[in-house]
Amino acid sequence: MKVSSAEFIKNYGELTDKALSEPVTITRNGRDRLVVLSVDEYQRLKRRDRRVVTLGEFTPEEMEAISRAEVPAEHAYLDEELKDWQP
């Protein structure tokens, strides 16, 4: 659902209730500006966050485990996505 900021202010109660079941995008001057969503959905998305680390943060044991790791055969098709990748 997408509404203008004026419409959101005018219908705050109804639209915040709607945001409990689906995200509500709020626009300003025709452009997406904010998204209102339920706490449950926000927490679900936050659980999916990943922490980024540098190579220097890995222990020698972790680096060794990574070097020995093998991709399961059922995921071999993903190699195609990396064939032209360059750092």
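Residues numbered from 1 in each chain as written. Predicted model: local features only at pLDDT ≥ 70, side-chain atom pairs only at ≥ 80, totals over all residues. Heavy atoms only, no water.

Caption draft 1: Main features of the overall build of the protein. Helix and strand counts for the protein stand at five helices and three strands. Along the longest, intermediate and shortest principal axes, the C-alpha atoms of the protein span 60 × 30 × 25 Å. In the protein, which comprises 87 residues, the share counted as buried stands at 10%. Working note: accessible area of the protein is about 8,100 Å², and carbon and sulfur atoms make up 52% of it. Mean positive and mean negative side-chain charge positions of the protein (14 and 18 charges, respectively) differ by 10 Å. (Helix = DSSP H or I, 4+ residues; strand = E, 2+ residues; numbered from the N terminus. Buried < 20%, exposed > 50% of the residue type's maximum accessible area, 1.4 Å probe, protein only. Areas by Shrake-Rupley, 256 points an atom, 1.4 Å probe, with all protein chains shown as cover. Lys, Arg positive; Asp, Glu negative; His and termini not counted. Charge placed at Lys NZ, Arg CZ, Asp CG, Glu CD.)

Caption draft 2: Quick peek at the side chain of T25. Within the fold, T25 resides in strand β2 (residues 24-28). Accessibility expressed as a relative area gives 16% for T25, which makes it buried. Excluding anything up to four places from it in sequence, T25 contacts M1, K2, V3, D32, L34 and V35. (Contact = heavy atoms within 4.5 Å.)

Caption draft 3: Region of interest: the pairing of β2. Taking burial as the measure, the five residues of β2 include four buried ones, the bulk of the element. Note: strand β1 (residues 2-4) against β2, three bridges, orientation parallel. When the bridges of β2 are listed, K2 appears paired with T25. Of the pairings in the sheet, the one linking β2 to strand β3 (residues 31-36) comprises five bridges and is antiparallel in character. Paired with T25 across the two strands is V35, which belongs to β3. Between β2 and β3, which pair antiparallel in sequence order, lie two residues; one of them, N29, sits at a positive phi of approximately 55°. (Pairing = 2+ DSSP bridges.)

Caption draft 4: Molecular detail of the environment of S4. Looking at the element boundaries, S4 is found in strand β1. Between the alpha carbons of S4 and R50 there is a distance of 32 Å; along the sequence they are 46 residues apart. Setting aside its immediate chain neighbours within four residues, S4 contacts I26 and T27.

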